[in-house]
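# Structural features, examined
Given next are the chains, with one letter for each unit.
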Amino acid sequence: MSVALPLTITWLAAAVAGPLDGRRRIVAWSAAGALAAGTAALAVLLALVLEGGEREVLVGAWPRGVGITLRADVLGVLFGLLSSAVLLAALVYELLAGLRSRMFPALVLFMA
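Residues numbered from 1 in each chain as written. Predicted model: local features only at pLDDT ≥ 70, side-chain atom pairs only at ≥ 80, totals over all residues. Heavy atoms only, no water.

Here we take up helix 3 (residues 74–97). The first and last C-alpha atoms of helix 3 sit 35 Å apart over 24 residues, in line with the 34 Å expected at 1.5 Å per residue. Here helix 3 has its buried residues at Val-77, Gly-80, Leu-81, Ser-84, Leu-87, Leu-91, Glu-94 and Leu-95. Phi turns positive one or two residues past the end of helix 3, at Gly-98, with a value near 105°. (Helix = DSSP H or I, 4+ residues; strand = E, 2+ residues; numbered from the N terminus. Expected span 1.5 Å × (residues − 1). Buried < 20%, exposed > 50% of the residue type's maximum accessible area, 1.4 Å probe, protein only.)

Take a look at the structure:
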């Protein structure tokens, strides 16, 4: 599994949810589902990092040392997993209470 998969899931979902009205239930619950999928991908990445050590990937076609390197170590993935779980709980709580802002689901996805 790629290190960038959890980022890709949430950011693509945020780009799709951004122009839509987040107060509609289908949009809001789809955002929650995408955030749950990103959280699950982080949990799988944490298991892989715990088992095999840290992982890294070079972004773009740049040589090592020049391009952007995404690195996943235990502390970083654990922090990402915990923050994503808190954001998911906050989004579901807001959905159950009733959304007042049309941009809230997309903003939560961008923050994740």
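With their axes 9 Å apart at the nearest point, helix 2 (residues 25–52) and helix 3 run at an angle of 160° to one another. Here helix 2 is positioned roughly antiparallel relative to helix 3, judged by the angle of their axes. Two packed elements cross with a definite hand, and for helix 2 against helix 3 that hand is left-handed. A breakdown of the residues in the contact of helix 2 with helix 3 according to their chemical character gives 23 nonpolar, three polar and one charged. (Axes fitted to C-alpha atoms, helices over the stretch in contact; angles between N-to-C directions. Parallel < 35°, antiparallel > 145°, perpendicular 65-115°, else oblique. Left-handed = near helix turned anticlockwise from the far one by under 90°. Nonpolar A, V, L, I, M, F, W, Y, C, P; charged D, E, K, R; others polar.)

Now for a nonpolar patch on the surface. A cluster of nonpolar side chains, contributed by Met-1, Leu-5 and Val-44, occupies part of the molecular surface with about 230 Å² of accessible area. Checked against the element boundaries, Leu-5 lands in helix 1 (residues 5–17). Of the residues examined, Leu-5 reaches a relative accessible area of 35% and is grouped as partly exposed. (Patch = residues over 30% accessible without salt bridge, like charges linked within 9 Å, V, L, I, M, F, W, Y side chains within 5 Å. Areas by Shrake-Rupley, 256 points an atom, 1.4 Å probe, with all protein chains shown as cover. Salt bridge = Lys/Arg side-chain N within 4 Å of Asp/Glu carboxyl O.)

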